[in-house]
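# Survey of secondary and tertiary structure
If you want the building blocks of each chain, they are given just below.
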Amino acid sequence: MRERLDELCSYERGSASMGEQRAAEWLAAGLREAGARDVRVEEEAGANGTFWWPIGLLAGAGALAGLAARRGGRPTRALAALTGIAASALIADELPPGRRRFRRLLRKRSAHHVLAEMGPPDAERTIVVMAHHDAAHTAFFFNPAITKAVGEKAPWVFENNDTSPPLMWPTVAGPAVVAAGAALGSRKLTGLGTFMSAGSAAFMAHIGAGQVVPGANDNGTGCIAQLSIARAFAERPPENTRILFLSTSEEALCEGMGLFMERHAGELPTDRTFFLCLDTVGSPNLLVLRGEGMLNLREYPAPSLALLDSTADELGIEMPFRDLRLRNATDGIFPLAAGYQCVSVASCNQRKNPSNYHWKTDTPENVEYGTVADAIRLAEAVIRKLDARWLTD
């Protein structure tokens with residue numbers, strides 16, 4: 001696993017970039033070598049590959065609307081209110097599982113999906129094993145020294161909180177506050193919204209200017225897990241279920257998964273498809289997310305969670321944090337919102353954060369390979385259980 005991860009992390013692979021395409025082709029070759037069939041790389045020419053441009057532009061529009069409202073008369077305030085409402089709604093639409101309408105007006109680039117299959121090709125049921133092969137841009141906010149300092153000064157922040165902070169709420173709220181202030185004629189409220197919107201725009205610009213991290217934990221670990229799982233099922237194939245390996249370009253707010261669902265969801269009936277997402281499984285503690293969502297927190301289906309929990313117990317895999325929810329998003333958010341049975345397997349450190357998340361230290365030498373191995377064992381066992389007996393049987 002370490003050798004494969006070194007290969008993957010030896011070059012930059014930002015979303016919808018040449019490096020991301022190279023990573024997709026690397027993963028496809030690995031799955032083919034492992035024994036998968038119908039291995040292919042699908043190009044998505046309609047991708048944008050960012051989230052900082054659409055959200056940054058919309059937040060900037062909210063800030064400009066706020067400045068205009070503070071200086072103009074009633075007609076200007078009315079226009080500012082409409083601009084703020086529109087910007088807020090469009091930012092919310094950019095967050096997964098939104099439709100991303102605004103970014104479709106921006107410059108297009110090509111992203112790439114990796115698809116490969118194992119098991120009976122005519123099987124009625126499908127298990128989709130998901131990962132992503134691109135890597136994120138960094139920003140000062142992701143420095144692990146910040147959470148370390150908070151943990152030392154105020155350990156209760158992490159001990160008493162089982163849900164990550166809603167980091168994207170201010171981006172949606174800023175233009176909405178501008179709209180409210182403009183409609184009410186409140187200079188203070190408009191000023192607050194203007195400040196929030198300008199801050200969001202500046203933060204997006206900072207992320208866009210940041211370097212692409214090595215992405216070993218997030219999510220090179222998911223890719224090497226896929227390769228190991230494929231080898232296991234090449235040796236002992238499933239009898240009743242098709243396995244579909246899927247890897248996307250994810251770091252532009254799950255853009256690749258959204259495009260995949262638009263293209264392929266009609267081929268995957270909700271009552272005969274199970275999605276198993278492997279995302280960032282190289283921190284010290286393996287976990288199964290109870291729910292996720294940047295705006296609306298959606299709970300994962302109880303039967304899926306029970307299957308993962310019971311299987312982990314049978315395998316003796318320790319998961320000390322069994323009640324964590326994510327106010328961010330993995331690719332699992334799309335099948336979750338669409339009503340599939342699905343789970344998202346991840347990992348965290350003692351502060352309930354992914355280790356080295358979106359930081360330059362996210363390198364192969366900092367991955368906990370024992371956790372990756374546990375994720376592989378858990379995924380294989382779950383797939384074999386579903387192959388023997390489907391959840392609804």
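Details of the structure are given in the entry above.
Residues numbered from 1 in each chain as written. Predicted model: local features only at pLDDT ≥ 70, side-chain atom pairs only at ≥ 80, totals over all residues. Heavy atoms only, no water.

Across its full length, the chain carries 13 helices and 10 strands. Relative to the compact-globule value of 21 Å for 393 residues, the chain shows a C-alpha radius of gyration of 21 Å, a close match. Out of the 393 residues in the chain, the part that is buried amounts to 56%. When the accessible surface of the chain is totalled, it reaches about 16200 Å², and 55% of it is carbon and sulfur. (Helix = DSSP H or I, 4+ residues; strand = E, 2+ residues; numbered from the N terminus. Rg over C-alpha atoms; globule rule 2.2 N^0.38 Å. Buried < 20%, exposed > 50% of the residue type's maximum accessible area, 1.4 Å probe, protein only. Areas by Shrake-Rupley, 256 points an atom, 1.4 Å probe, with all protein chains shown as cover.)

Axis separation between helix α11 (residues 302-315) and helix α13 (residues 369-388) bottoms out at 10 Å; the angle between their running directions is 115 degrees. In this structure, α11 crosses over α13, and the sense of that crossing is right-handed. Together, Leu307, Leu308, Ser310, Thr311, Ala312, Glu314 and Leu315 of α11 and Arg377, Leu378, Ala381, Val382, Lys385 and Leu386 of α13 make up the contact between the two elements. Residue composition of the contact of α11 with α13, by class: eight nonpolar, two polar and three charged. (Axes fitted to C-alpha atoms, helices over the stretch in contact; angles between N-to-C directions. Left-handed = near helix turned anticlockwise from the far one by under 90°. Contact = heavy atoms within 4.5 Å. Nonpolar A, V, L, I, M, F, W, Y, C, P; charged D, E, K, R; others polar.)

Moving on, we come to the side chain of Thr280. Its location among the elements puts Thr280 in the loop between β5 (273-278) and β6 (285-288). The exposure class assigned to Thr280 is buried, which follows from its relative accessible area of 6%. A distance of 2.7 Å separates a polar atom in the side chain of Thr280 from a polar atom in the side chain of Asp279. Residues in contact with Thr280, not counting those within four places in the same chain, are Asn217, Asp218, Asn219, Thr221, Ala346, Ser347 and Pro354. (Polar contact = N/O pair within 3.5 Å; in protein donor to acceptor, adjacent residues only side chain to side chain.)

Attention now moves to the nonpolar core. Formed by 94 residues in total, the largest nonpolar core has its most connected members in Leu31, Ile229, Phe245, Phe274, Phe275 and Leu308. In this structure, Phe275 is in contact with Val128, Met130, Met257, Met261, Leu268, Pro335, Tyr340, Gln341, Cys342 and Val343, ignoring residues within four places of it in sequence. Counting residues in each nonpolar core, the second largest holds six residues, with Ala65, Ala69, Ala80 and Ala81 among its members. (Core = buried A, V, L, I, M, F, W, Y, C linked by side-chain atoms within 4.5 Å.)

To continue, consider helix α2 (residues 18-34). Compared with an ideal rise of 1.5 Å per residue, which puts 17 residues at 24 Å, α2 spans 24 Å between its outermost C-alpha atoms and is within 8% of the ideal. For α2, every residue scored as buried is listed here: Gly19, Glu20, Ala23, Ala24, Trp26, Leu27, Ala28, Gly30, Leu31 and Ala34. Looking at the packing, one finds that the buried side of α2 touches α1 (2-8), β1 (37-47), β2 (109-118), α9 (216-235) and β4 (241-248). Just past α2, the residue Gly35 takes up positive phi, approximately 115 degrees. (Expected span 1.5 Å × (residues − 1).)

Before going further, it helps to spend a moment on the environment of Trp169. Following the sequence through the fold, Trp169 ends up in helix α7 (residues 169-184). Residue Trp169 is classed as partly exposed on the basis of its relative accessible area of 39%. Between the C-alpha atom of Trp169 and that of Gly35, which follows or precedes it by 134 residues, the distance is 44 Å. For Trp169, the residues in contact, after removing those within four places along its chain, are Met294, Leu295 and Arg327.

Right, let's get into the sheet that holds β2. Across the sheet, seven strands lie side by side as β1-β2-β4-β3-β5-β10-β6; this open sheet has mixed pairing. Looking at the sheet topology across the chains shown, the edges are occupied by β1 and β6. Adjacent strand axes in the sheet meet at a mean angle of 20 degrees, parallel and antiparallel pairs treated alike. In this structure, β6 lies alongside strand β10 (residues 341-348), joined through four bridges in antiparallel fashion. When the sheet's bridge partners are listed, Val288 is paired in β10 with Val345. In the packing of α2 onto the sheet, the strands contacted are β1, β2 and β4, and the crossing angle to β2 comes to about 10 degrees. (Pairing = 2+ DSSP bridges.)

Let's shift gears to the sheet that holds strand β8 (residues 298-299). Taken in spatial order, the three strands line up as β8-β7-β9 in an open sheet, and their pairing is mixed. One side of each edge strand has no neighbouring strand; the edge strands of this open sheet are β8 and β9 (325-326). Summarising the sheet, strand β7 (residues 291-292) and β8 pair through two bridges and their orientation is antiparallel. Note on β8: the bridge partner recorded for Glu292 is Arg298.

To describe a pair of aromatic rings, you give the distance between the ring centres and the angle between the ring planes. The tally for this structure, following the rule as stated, stands at six aromatic pairs. Ring geometry for Phe140 against Phe203: centres 6.1 Å apart, planes inclined by 75 degrees, an arrangement best described as edge-to-face. Placement of Phe140 in the loop between β3 (125-132) and α5 (144-153) and of Phe203 in helix α8 (residues 187-209) is noted, with a sequence separation of 63 residues between them. Among the residues examined, Phe203 registers a relative accessible area of 26% and is labelled partly exposed. Ring centres of Phe141 and Phe203 lie 6.2 Å apart, and the angle between their planes is 75 degrees; on these two criteria the pair is classed as edge-to-face. Remark: Phe203 occurs in helix α8 and Phe141 occurs in the loop between β3 and α5; sequence separation between them is 62 residues. You can call Phe141 partly exposed: its relative accessible area is 40%. Through successive ring pairs, a cluster of aromatic residues spans Phe140, Phe141, Phe142, Phe203 and Tyr357. Seen from the ring of Tyr11, Arg22 lies directly overhead, with NZ or CZ sitting 3.8 Å from the centre. Geometry around Phe233 places Arg384 over its ring, the cationic atom sitting 4.1 Å from the centre. (Phe/Tyr/Trp six-rings, centres within 6.5 Å; stacked < 30°, edge-to-face > 60°. Lys NZ or Arg CZ within 6 Å of the ring centre and 35° of its normal.)

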